[in-house]
Amino acid sequence: MITPGTPRTVVIIPARFGSTRLPGKPLAEIAGKPMIQHVYERALRAQLVHDVIVATDDLRIITAVEKFGGRAVITPPDAPSGSDRIAHVASRLPDAEIIVNVQGDEPFLPPAMIDEAIRPLHADPQVRVGTLARRIEDAVTLQDPAVVKVVLDSNGNALYFSRSPIPFGRDMTLTELLAGIPVYRHIGLYVYRREFLLHYTRLAQTPLEQAEKLEQLRILEHGYPIRVAVTTHHSIAVDTPADLERARALAGLPL
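Model, not experiment: these values are computed from the prediction.

Conventions used here
- Residues numbered from 1 in each chain as written.
- Predicted model: local features only at pLDDT ≥ 70, side-chain atom pairs only at ≥ 80, totals over all residues.
- Heavy atoms only, no water.
- Helix = DSSP H or I, 4+ residues; strand = E, 2+ residues; numbered from the N terminus.
- Rg over C-alpha atoms; globule rule 2.2 N^0.38 Å.
- Contact = heavy atoms within 4.5 Å.
- Areas by Shrake-Rupley, 256 points an atom, 1.4 Å probe, with all protein chains shown as cover.
- Salt bridge = Lys/Arg side-chain N within 4 Å of Asp/Glu carboxyl O.
- Buried < 20%, exposed > 50% of the residue type's maximum accessible area, 1.4 Å probe, protein only.
- Phe/Tyr/Trp six-rings, centres within 6.5 Å; stacked < 30°, edge-to-face > 60°.
- Lys NZ or Arg CZ within 6 Å of the ring centre and 35° of its normal.
- 1 Å grid on protein atoms, 1.4 Å probe; cavity = no way out; pocket = protein on both sides within 12 Å on 5 of 7 lines; lining within 4 Å.
- Points joined across faces, edges and corners; volume = space filled by probe spheres on them.
- Nonpolar A, V, L, I, M, F, W, Y, C, P; charged D, E, K, R; others polar.

S.K.: Run through the overall build of the protein chain, naming residues and quoting values.
M.R.: When its secondary structure is counted, the protein chain shows 10 helices and 11 strands. What you see for the protein chain is a C-alpha radius of gyration of 18 Å, in line with the 18 Å of a compact globule of 255 residues. Considering only C-alpha atoms, the protein chain reaches an extent of 55 × 45 × 35 Å along its principal axes. Considering only contacts in the protein chain between residues 6 or more positions apart, those separated by 24 or more positions represent 68%. With an accessible surface of roughly 12300 Å², the protein chain has 53% of that area assigned to carbon and sulfur atoms.

S.K.: Could you give an account of the pattern of salt bridges, naming the residues involved and the relevant values?
M.R.: In a structure, side chains of opposite charge can pair up when their charged atoms sit close to one another. Applying the stated rule across the entire model yields nine salt bridges. The partner of K25 in a salt bridge is D239, and the shortest N-O contact between them spans 3.5 Å. Here K25, found in the loop between β1 (9-15) and β2 (29-30), pairs with D239, found in the loop between β11 (227-230) and α10 (241-250); they are 214 residues apart in sequence, far enough to count as distant. Given the relative accessible area of 13%, K25 is considered buried. Here E41 and K33 are joined by a salt bridge, their closest N and O atoms 2.8 Å apart.

S.K.: Give me the lowdown on the packing of aromatic side chains, citing residues and values where you can.
M.R.: Taken as a whole and judged by the stated rule, the model has five aromatic pairs. For the ring pair Y40 and F68, a centre distance of 5.3 Å and an interplane angle of 70° mean the geometry is edge-to-face. Within this pair, whereas Y40 is found in helix α1 (residues 35-44), its partner F68 is found in the loop between α2 (59-67) and β5 (72-74), the two being separated by 28 residues in sequence. Considering the side-chain rings of F196 and Y224, the 5.1 Å spacing of their centres and the 75° angle between planes classify their relative orientation as edge-to-face. Taken together, the positions of F196 in helix α7 (residues 194-200) and Y224 in the loop between α9 (217-221) and β11 put the pair 28 residues apart, joining distant regions of the chain. Exposure class is identical for F196 and Y224. Each is buried. Among the aromatic residues, ring-to-ring pairing joins Y190, Y192, F196, Y200 and Y224 into one connected group. Lying across the ring of F17, R60 places its NZ or CZ 3.6 Å from the centre.

S.K.: Give me the lowdown on unusual backbone geometry, citing residues and values where you can.
M.R.: In this model, I166 is joined to P167 through a cis peptide bond whose omega is 0°. With respect to the helices, strands and loops of the structure, P167 is situated in the loop between β9 (158-162) and α6 (174-180). The backbone of K213 sits at a positive phi, close to 60°, despite the residue not being glycine.

S.K.: Which residues make up α1, and what are the values?
M.R.: Counting buried positions along α1 gives seven out of 10 residues, so the element sits mostly inside the fold. Among all positions in α1, only M35, I36, Q37, H38, V39, Y40 and A43 are buried. On the buried face of α1, the contacting elements are β1, β2, β3 (33-34), β4 (51-56), α2 and α4 (111-123).

S.K.: If you had to explain empty space enclosed by the protein to someone new, which residues and values would you point to?
M.R.: Tallying each qualifying case throughout the model produces one cavity of 30 Å³ or more. In this structure, the largest cavity spans a volume of roughly 40 Å³. Taken together, V102, Q103, E106, L109, I187, G188 and L189 make up the lining of the largest cavity. Residues belonging to the lining of the largest cavity are distributed by class as follows: four nonpolar, two polar and one charged.

S.K.: Tell me about the layout of surface pockets, residues and numbers included.
M.R.: Its boundaries defined by the atoms lining it, the largest pocket holds a volume of some 1900 Å³. Lining of the largest pocket is provided by 50 residues; of these, R21, Q103, D105, G188 and D239 occupy positions nearest its centre. Of all elements in the fold, only β1, α3 (82-90), β10 (184-193), α8 (207-212) and α10 reach the threshold of two or more residues within the lining of the largest pocket. The dominant element in the lining of the largest pocket, judged by the number of residues it contributes, is β10, at six residues. Of the residues belonging to the lining of the largest pocket, the class tally is 16 nonpolar, 16 polar and 18 charged. Its volume calculated, the second largest pocket comes out at about 180 Å³.

Below you can see the structure in the form of C-alpha cells.
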C-alpha cells in the first residue's frame, strides 16, 4: 500500500514491435485485448506503484496504449536494450525515485511479484537494484540453457547468473542437489533506484555479460550488488506463436 513518504515508483514497460519469433507481439490479442494492455493493467494493480508507462519505438504501440487510456512514450529506435529504453524514459522523470522494468510479454504477471521486488529497496536504502527468483524443482529446468539460473549469498544478493546449471553438485545427483540446496531460476523483472539505472546504462559492456548474453552480469562485473527476492508466484512469457496460443487458451479463448 502506498503511504505518505513512499518513494515515487514508476513501472516502465519496454515494448518493441519488431520480434524475430513473434512480430508485433505487444499488439497480439488475448481475450479481446492487446497483450500490452494486460501487462499494463496488472502493473497498475501493484500496491507499491504510482504510475505505469510503456516505452516503445513504434507508433502503432503508442496508438494502442492511448486507445485503452494508458500512457506511452516513444523511444529511440536504435536503443540497444530494454534497459536503455527504460533509462531514456526515466531520465525524463526527475520526480521518480524507483523505476521498475516489467517485461511487456507477460500478460499474466501477478501484481504481487512487482511488490515483492520493490520491497527490498524500501527496506534498505543501500539496495540500488533488485530482481526476483523462484526455486527450481526439476532437473530438466536446471539444465535448460533458456532458463537463467542465479545463486545467492547469505544476504540475498546475487553471486552469479548463468545459463549453465549452477551450482554444480560434485558428489551429488541432480535430484540430490535440488533436494538439498536451494537452486533458483531468475525472473527478469528489475527494480532500480533511478540514479543507479541512469548510471548502469552508461557502463561499458563486460566479458561475462557478452559471453552469457545476460545484461545483468554487467552490474555484478562492475562491482555492484543485486538484491534477489525469492517468490513463489509464477508468470508466463510469450515469446513464440505457440506461447501465444497457450496464453489465449489460459485466458479462456478457443484456439
